[in-house]
Amino acid sequence: MRGLRRFSWLLLAICLLGVVGTLPGQTPVSPTEPPATVAPSISATSNPAGGSAPTVVAGGASSTPLRLNIGLEGGGKPADVSVAIQLVVLMTLLTLAPSLVILMTSFTRIVIVLGFVRTAIGVPSAPANQIIVGLALFLTFFLMGPVFDRMNAEALQPYLAGEVTSVQAVEKATVPLREFMLKQTRTRDLEFFLELGRFPPTRVEDLPLRVVVPAFVISELQTAFQMGFLLFLPFLVVDFLVSSILMALGMMMMPPAIVSLPFKLLLFVLVDGWHLVVRSLVESFR
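Here's a quick rundown of the structure. Sequence order as written defines residue numbering, which begins from 1 separately in each chain. Side-chain atom pairs in this predicted model are given and counted only at pLDDT of 80 or more, local residue features only at pLDDT of at least 70, and totals for whole chains, interfaces and linings cover all residues. Neither water nor hydrogens contribute to the side-chain values; these are computed over all heavy atoms in the structure.

1. What to know about the packing of helix α4 (residues 107-121) against helix α11 (residues 273-284)
When two helices pack together, their arrangement is given by the angle between the helix axes and by the axis-to-axis distance.
Part 1 of the argument: Interhelical geometry of α4 versus α11 gives an angle of 155 degrees and a closest axis separation of 11 Å. Considering their axes alone, α4 and α11 lie roughly antiparallel with respect to each other. As α4 packs across α11, the resulting crossing turns out to be right-handed. Residues R109, I110, V113, L114 and V117 of α4 touch α11, and the partners they reach there are W274, V277, L281 and S284.
Part 2 of the argument: Residue type decides the class: Asp, Glu, Lys and Arg count as charged, Ala, Val, Leu, Ile, Met, Phe, Trp, Tyr, Cys and Pro as nonpolar, and the leftover types, Gly among them, as polar. When its residues are assigned to classes, the contact of α4 with α11 shows 7 nonpolar, 1 polar and 1 charged. Lines fitted to C-alpha atoms define the axes here, with helix axes fitted over just the stretch in contact, and angles between the N-to-C directions of these axes take values from 0 to 180 degrees. Working definition: helices are DSSP H or I runs of at least four residues, strands are E runs of at least two. Numbering for both runs from the N terminus. Oblique is the label for any angle not covered by the other classes, which are roughly parallel (under 35 degrees), roughly antiparallel (over 145) and roughly perpendicular (65 to 115). Left-handed is the label given to a crossing in which the near helix is rotated counterclockwise from the far helix by less than a right angle, and right-handed is the label when the rotation is clockwise. By the convention used here, residues are in contact when the closest approach between their heavy atoms is within 4.5 Å.

Have a look at this one:
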């Protein structure tokens, strides 16, 4: 039995060798003959950098050498950064886009005030967070429309037309955004960050963004909390009235928040509260 297995494997090996030897394009090599050697010929090919580089060609036939070029090529415009660096900067900006929208536009004040409105009414889940954030985002685009138009006209379109470099386009794009933030920033906050950074006396037009942005955020938080306090006052009056009436009726076991909630909703609807809040937010930026 063991001998039969060996014979079967030997027969299979002979058949495979015969198939491999008869494949098209292959010349069987006799074991007594040494394999033929092909002498390489050297031909000179032109080098774009100047001079000629030898290229080894087998059998004297001409062949184009394969070159692997790894580098940062120019952006196509004089005095401009390379395309690879521009792509890296673009991907970085896309990653930081949510932070830029939140901290460098009117989004911060709007979303905080809308959150205060929902809390003052007493319904923490209506409207939902998605509605609050979506409304704040569209109001931000509405308010920042003139600023975005200036950035497009003064920076993006000249850059696409090849009139300015990418660095100059970024500098021109920051000018309208800086003017918007400085208009909403308190002088006290600017002076505070100038002192922290130990900056010399600087003109407002020359203030760097690392001073303007944190000062703008602090000013927006201060303004948003002031507006939130004013929004809480009428609803607080309703809570006081409901609590006093329940106390006078001897219904001390009844939670005042449950009784006052319908009255606060009725008051907010009668005065068209959402219209007043949005109108106040829009006018606060003008």
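2. Points about the packing of aromatic side chains
Part 1 of the argument: Centres within 6.5 Å are what make two rings of Phe, Tyr or Trp a pair, Trp counting through its six-membered ring; a difference in plane orientation under 30 degrees is then read as stacked, over 60 as edge-to-face, and the rest as tilted. One pass over the structure, following the stated rule, counts 7 aromatic pairs.
Part 2 of the argument: Note on F235 and F268: the rings are 6.1 Å apart at their centroids and 40 degrees apart in plane angle, and the pair reads as tilted. One end of the pair, F235, is in helix α9 (residues 209-248); the other, F268, is in helix α10 (residues 256-270), with 33 residues separating them in the sequence. Of the two residues, F235 and F268, neither departs from the other in class, the shared state being buried.
Part 3 of the argument: Of the aromatic side chains, those joined through ring pairs into one cluster are F116, F225 and F232. Burial classes: relative accessible area under 20% of the type maximum marks a residue as buried, over 50% as exposed, and values in between as partly exposed (1.4 Å probe, protein chains only).

3. Overview of the pattern of salt bridges
Part 1 of the argument: What counts as a salt bridge is simple: a side-chain nitrogen of Lys or Arg found within 4 Å of a carboxyl oxygen of Asp or Glu. Using the criterion set out here, one finds 5 salt bridges in the structure.
Part 2 of the argument: The salt bridge involving E220 is made with R109; its shortest N-O contact spans 2.6 Å. Remark: R109 occurs in helix α4 and E220 occurs in helix α9; sequence separation between them is 111 residues.
Part 3 of the argument: According to the relative accessible area criterion, E220 is buried, its value standing at 0%.
Part 4 of the argument: Across the salt bridge formed by R150 and E179, the nearest N and O atoms sit 2.8 Å from each other. Taken together, the residues R150 in helix α6 (residues 145-160) and E179 in helix α7 (residues 166-183) connect sequence positions 29 residues apart.
Part 5 of the argument: Judged by its relative accessible area of 32%, R150 is partly exposed.
Part 6 of the argument: Look at E179 and you get partly exposed, because its relative accessible area is 40%.
Part 7 of the argument: Within this structure, R150, E154 and E179 form a network of salt bridges that share partners.

4. Here we look at the side chain of S106
Part 1 of the argument: Looking at where S106 falls in the secondary structure, it is placed in the loop between α3 (97-103) and α4.
Part 2 of the argument: Contact partners of S106, with chain neighbours within four places excluded, come to T140, L143, M144, F180 and F285.

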